[in-house]
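The primary structure of each chain is shown beneath.
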Amino acid sequence: MTPPPPLGLIAELTHRCPLQCPYCSNPLDLERAAAELDTATWLRVLDQAAEIGVLQVHLTGGEPLARRDCSELVAHASANGLYTNLITSGVTLDDRAMAALLAAGIDHIQLSFQDVVASENDRFGASPNAFAKKQAAAARIRQAGLPLTLNFVIHRANAGRVPQMIAMAEALGADRTEIAHVQYYGWGLVNRAALLPTLDQLHAATEAVDDARARLSGRMVIDYVVPDYHAARPKACMGGWAQRFMNISPAGRAMPCHAAETLPGFTFPSVRDVPLSDIWNSSDAFLRFRGTAWMKEPCRSCDRREVDWGGCRCQAFALLGDTHATDPACELSPDHGVMQAAVTESEGAAGAYVFRKPRKDVVLS
Amino acid sequence: MNPVPRLSPGHKFRLDRVRGAWVLLGPERMFVPDEHATEVLKLIDGQRDVAAIVADLAARFNAPSEAIRIDVDAMLADLSARGAVRL
Ligand code: SF4
Ligand code: SF4
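In this report, we go over the structure that sits alongside the text. Source: prediction; values computed, not measured. (Residues numbered from 1 in each chain as written. Chains lettered and ligands numbered in written order. Predicted model: local features only at pLDDT ≥ 70, side-chain atom pairs only at ≥ 80, totals over all residues. Heavy atoms only, no water.)

1. Things to note about the overall build of chain B
Thinking step 1. From N to C terminus, chain B includes 3 helices and 5 strands.
Thinking step 2. Counting helices and strands in the order they occur from the N terminus, chain B gives β-β-β-β-α-α-α-β.
Thinking step 3. Relative to the compact-globule value of 12 Å for 87 residues, chain B shows a C-alpha radius of gyration of 13 Å, a close match.
Thinking step 4. Counting only C-alpha atoms, chain B reaches 35 × 25 × 20 Å along its principal axes.
Thinking step 5. Looking at chain B as a whole, 43% of its 87 residues qualify as buried.
Thinking step 6. Excluding contacts between residues fewer than 6 apart, the proportion of contacts in chain B whose partners are at least 24 apart in sequence is 48%.
Thinking step 7. Just so you have it, chain B exposes about 4700 Å², and 53% of that area is on carbon and sulfur atoms.
Thinking step 8. Measuring between centres, the 12 positive side-chain charges of chain B sit 9 Å from its 12 negative side-chain charges. (Helix = DSSP H or I, 4+ residues; strand = E, 2+ residues; numbered from the N terminus. Rg over C-alpha atoms; globule rule 2.2 N^0.38 Å. Buried < 20%, exposed > 50% of the residue type's maximum accessible area, 1.4 Å probe, protein only. Contact = heavy atoms within 4.5 Å. Areas by Shrake-Rupley, 256 points an atom, 1.4 Å probe, with all protein chains shown as cover. Lys, Arg positive; Asp, Glu negative; His and termini not counted. Charge placed at Lys NZ, Arg CZ, Asp CG, Glu CD.)

2. Some details on the packing of helix α1 (residues 35-43) of chain B against helix α2 (residues 50-61) of chain B
Residue and element names in this part refer to chain B.
Thinking step 1. In the contact formed by α1 and α2, the axes pass within 10 Å of each other and the chain directions differ by 125 degrees. In this view, α1 runs oblique relative to α2, as classed from their interaxial angle. Here α1 runs over α2; the crossing is right-handed. Here α1 contributes Glu39, Val40 and Leu43 to the contact with α2, which in turn contributes Ile53, Asp56, Leu57, Arg60 and Phe61.
Thinking step 2. Looking at the contact of α1 with α2 residue by residue, the classes come out as 5 nonpolar, no polar and 3 charged. (Axes fitted to C-alpha atoms, helices over the stretch in contact; angles between N-to-C directions. Parallel < 35°, antiparallel > 145°, perpendicular 65-115°, else oblique. Left-handed = near helix turned anticlockwise from the far one by under 90°. Nonpolar A, V, L, I, M, F, W, Y, C, P; charged D, E, K, R; others polar.)

3. Remarks on the pattern of salt bridges
Pairs may arise between side chains of opposite charge once their charged atoms sit close together.
All names here are of chain A.
Thinking step 1. For the structure on display, the rule yields 27 salt bridges over all chains.
Thinking step 2. We note a salt bridge from Arg142 to Asp175, for which the minimum N-O separation is 4.0 Å. In this pair, Arg142 is assigned in helix α5 (residues 130-143) and Asp175 in the loop between α6 (162-171) and β6 (176-181), connecting sequence segments 33 residues apart.
Thinking step 3. Note that Glu261 is salt-bridged to Arg253, the shortest N-O span being 2.3 Å.
Thinking step 4. Linked by salt bridges that have partners in common, Arg16, Glu36, Arg67 and Asp69 make up one network. (Salt bridge = Lys/Arg side-chain N within 4 Å of Asp/Glu carboxyl O.)

4. A word on the nonpolar core
Thinking step 1. Judged by nonpolar contacts, the single largest core of 83 residues is most densely connected at Leu9(A), Leu150(A) and Ile179(A).
Thinking step 2. The element that contributes the greatest number of residues to this core is helix α1 (residues 39-52) of chain A, accounting for 7 residues. (Core = buried A, V, L, I, M, F, W, Y, C linked by side-chain atoms within 4.5 Å.)

5. As for the site of ligand 1
Thinking step 1. Near ligand 1 the following residues occur: Cys17(A), Leu19(A), Gln20(A), Cys21(A), Tyr23(A), Cys24(A), Gly62(A), Ser89(A) and Arg356(A).
Thinking step 2. The residue makeup of the shell around ligand 1, split by class, is 5 nonpolar, 3 polar and 1 charged. (Near = heavy atom within 4 Å.)

This is how it looks when you write it as structure tokens:
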């Protein structure tokens, strides 16, 4: 049986990035520039994506603008009828880059801020003046007449400033704001003890989002992503394994989610030599956790098994060492206690971060 | 109130040939509208006001415009609350 086609293609163009956020969800083993797919391969991938029914392409990284062919890829995706979304830190979004993206037909830009306080923003990205550059990028995006999403990643050090973040988004003319608690993968998991918010902080942030949503309804969309650690039920990670998205790593490995490379026992097919349709329809990696057949109890007989699909496989493996386990974010998991243990452990922890390390190698693209 | 609805910034309504269905694409979201919403969305062009949209539907589907107006208002309110349409 052929599954319904993917809705979105997540194109991780590169792991290179001018920032070094300690919550970055990129893998600890960042891909080198030399291993990245070349332009011709990405162009072919975009053709195949449109053919099999992908509707939206999310260009991300790392910093997608670190690739010189970024706007060329946007133009190609647009010409194929794909909706193009650029996810950027904005620090290199200068006039030239903006003009090129506009000419390429970019549909939407998501611009991330590390904080509303300039000094904190620049400390978290480990990049002086990043805040000012991001403000300038926001102005450029609005001036170009493009819709703007601001993204804020929330953690213990900035959770109290959600109202100010939303106010800044309003002032910058954003149509949409993402208030997204850190997802604890990659560097985020390494820094979990320093990043996890307290339960009180989480409640206050949630309340601030609810208030702003009521006030701004019909004018600004606010999307809110909560941390799993205080939750009773897991998220439907990626809308279910291989149900909606295909993620391509900088080196061309196709995965159901960007963290899937942390899972043992997988060989992810490469877009260099396997067509997207085969990857989606028949590769072992995409079939393995698609649907519910792989589940064990308590998921197997649970009435939410096609709602959250058992949660996140990467989280189950990272926290329990078992790729088939119920996501421990679920209260019904026999191992749910590991979540509370992490919260307790973080309560005494100091705010010392391991910053994402930049790769110092030659840039080829 | 007789607003002129338009798609929110960054939203595109188009026919997806692979699925044979109309889809509304927006910033990191998408909607697959049902038949009724599809007919309404096709008429949202930033020119027509709600009365004109209702009149068009009433004529084509041979239905009383009062009933259609109620449906269209509810649909637009929902799409607006979800950020897909501006009124
Ligand atoms: S989280 Fe920070 S370091 Fe990681 S890709 Fe985004 S901006 Fe770069
Ligand atoms: S038991 Fe499994 S399917 Fe049921 S709610 Fe928990 S994670 Fe979801």
